Amino acid sequence: MQDSKLLSIILPSYNEQDNIPHTFEVINNILTSASIPYEIIFVDDGSRDLTYQRIYEVSLQHPQVKGICFSRNFGKEAAIFAGLEASAGACCLIMDCDLQHPAELIPEMYRLWLEGNEVIEGIKSSRGKENPLHTFCAKSFYNIISRATGIDMSKASDFKLLDRKAVDALLAMPERAPFFRALSSWIGFKTISVPFDVQKREIGTSKWSPRKLIKYAIHNITSFSGAPLQFVTLLGWIMFLCSIVLGIQSLYRYFTGTALEGFTTVILLQLIIGSILMISLGIIGHYISRIYDEIKARPRYLVSRKCGF
Ligand code: UDP
Ligand code: MG
């Protein structure tokens, strides 16, 4: 039975055992006092701690809480899509389960949805406490991806409320490696932004190591844009222009009889061309591996257990 006013809240959780009961309490209090009908779907992304146990316990006491447990860590995007697929609501809200996305905003976002908006996106008005290197890398990543996609993503977050129409549009995408943050802008629909301040993480630590973040960045840039391939072409043209200049110079020397020198130039050229070729092959190889991944058409995630459904 689909409730025409039901709000599904999707919370990807990875090693968040201490956050689950607390997050539920906070959301429950806010939504009950705003009398919004809701369900909560916790997606345990293959945690190694007691996250699923906690979800299960909460779901026993509260029928509006549901839990999905992955067979291993499939990543946040997969968890978001699993939640969307399992949701029954007329609209779905995605938020972090560490409450860095302020739950106090939910009634406001819900009201905007009732007014007829289809995508209500949380926009980071500040990034919260982060180390400067992280901020710099995040900025560069979003610059590249904004330029590549033509969507301004510098303040984008995963904190979004989507109408059922938008959810269905997202779920209809066959991509194996979806990038939620960009796709949910790409689909369009009547969109409105709600600024929010990223809160401090109260319990636990960030689940992203620098290595995981770099992988995430490369993965999402290449899944959303072919710009790095055009970069290869650009490099080719630059090398071609250099070769014209050098070619003319060499011919001139040959005919004036001053050739034979220039051993250093030869070595340097070899090195430069060699490295550019290798980088280009690497970029192309990356895309081939992405095609390979897509063509295998493996499921985005595997579920090992469910509760509350
Ligand atoms: N998360 C996840 N799978 C992962 C990593 C993170 O589901 O592989 C979840 C995590 O539990 C949290 C949200 O994604 O609810 C954001 O992660 P985190 O707070 O660690 O990231 P940060 O806020 O530092 O960007
Ligand atoms: Mg967080």
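Higher on the page you've got the structure.
Enquirer: What should I look at first to understand the coordination of the magnesium ion (ligand 2) in this one?
Expert: Around a metal, the ideal angle is 109.5 degrees if four donors adopt a tetrahedral arrangement and 90 or 180 degrees if six donors adopt an octahedral arrangement. Listed as protein donors to the magnesium ion (ligand 2) are Asp98 (OD) and Gln100 (OE1); their distances from the metal cover 1.8 to 1.9 Å. On the basis of relative accessible area, aspartate 98 is assigned to the buried category, the value being 5%. A residue is classified by how much of its surface remains accessible, and glutamine 100, at 21% relative accessible area, is partly exposed.

Enquirer: Just checking my understanding: could you explain the packing of helix H3 (residues 76–86) against helix H6 (residues 164–171) for this structure?
Expert: Helix-helix packing is characterised by the crossing angle of the two axes and by the distance between the axes. Contact geometry of H3 with H6 gives a least axis separation of 10 Å together with a crossing angle of 125°. When the axis of H3 is compared with that of H6, the two are oblique. As for the relative orientation of H3 and H6, their crossing is left-handed in sense. Judged by residue contacts, Phe81, Leu84 and Glu85 of H3 engage Arg164, Val167, Leu170 and Leu171 from H6.

Enquirer: What am I meant to see in the pattern of salt bridges here?
Expert: Once the charged atoms of two side chains with opposite charge are near each other, the side chains can pair. Applying the stated rule across the entire model yields 12 salt bridges. A salt bridge links aspartate 158 to arginine 181; the shortest N-O distance between them is 3.0 Å. Here aspartate 158, found in strand S6 (residues 156–163), pairs with arginine 181, found in helix H7 (residues 180–186); they are 23 residues apart in sequence, far enough to count as distant. Judged by relative accessible area, arginine 181 falls into the buried class, the value being 9%.

Rules used in this analysis
Residues numbered from 1 in each chain as written. Chains lettered and ligands numbered in written order. Predicted model: local features only at pLDDT ≥ 70, side-chain atom pairs only at ≥ 80, totals over all residues. Heavy atoms only, no water. Donors = N, O, S within 2.8 Å, 3.2 Å for Na, K, Ca; no water. Buried < 20%, exposed > 50% of the residue type's maximum accessible area, 1.4 Å probe, protein only. Axes fitted to C-alpha atoms, helices over the stretch in contact; angles between N-to-C directions. Helix = DSSP H or I, 4+ residues; strand = E, 2+ residues; numbered from the N terminus. Parallel < 35°, antiparallel > 145°, perpendicular 65-115°, else oblique. Left-handed = near helix turned anticlockwise from the far one by under 90°. Contact = heavy atoms within 4.5 Å. Salt bridge = Lys/Arg side-chain N within 4 Å of Asp/Glu carboxyl O.

Don't take any of this as a statement about function, it's just geometry.
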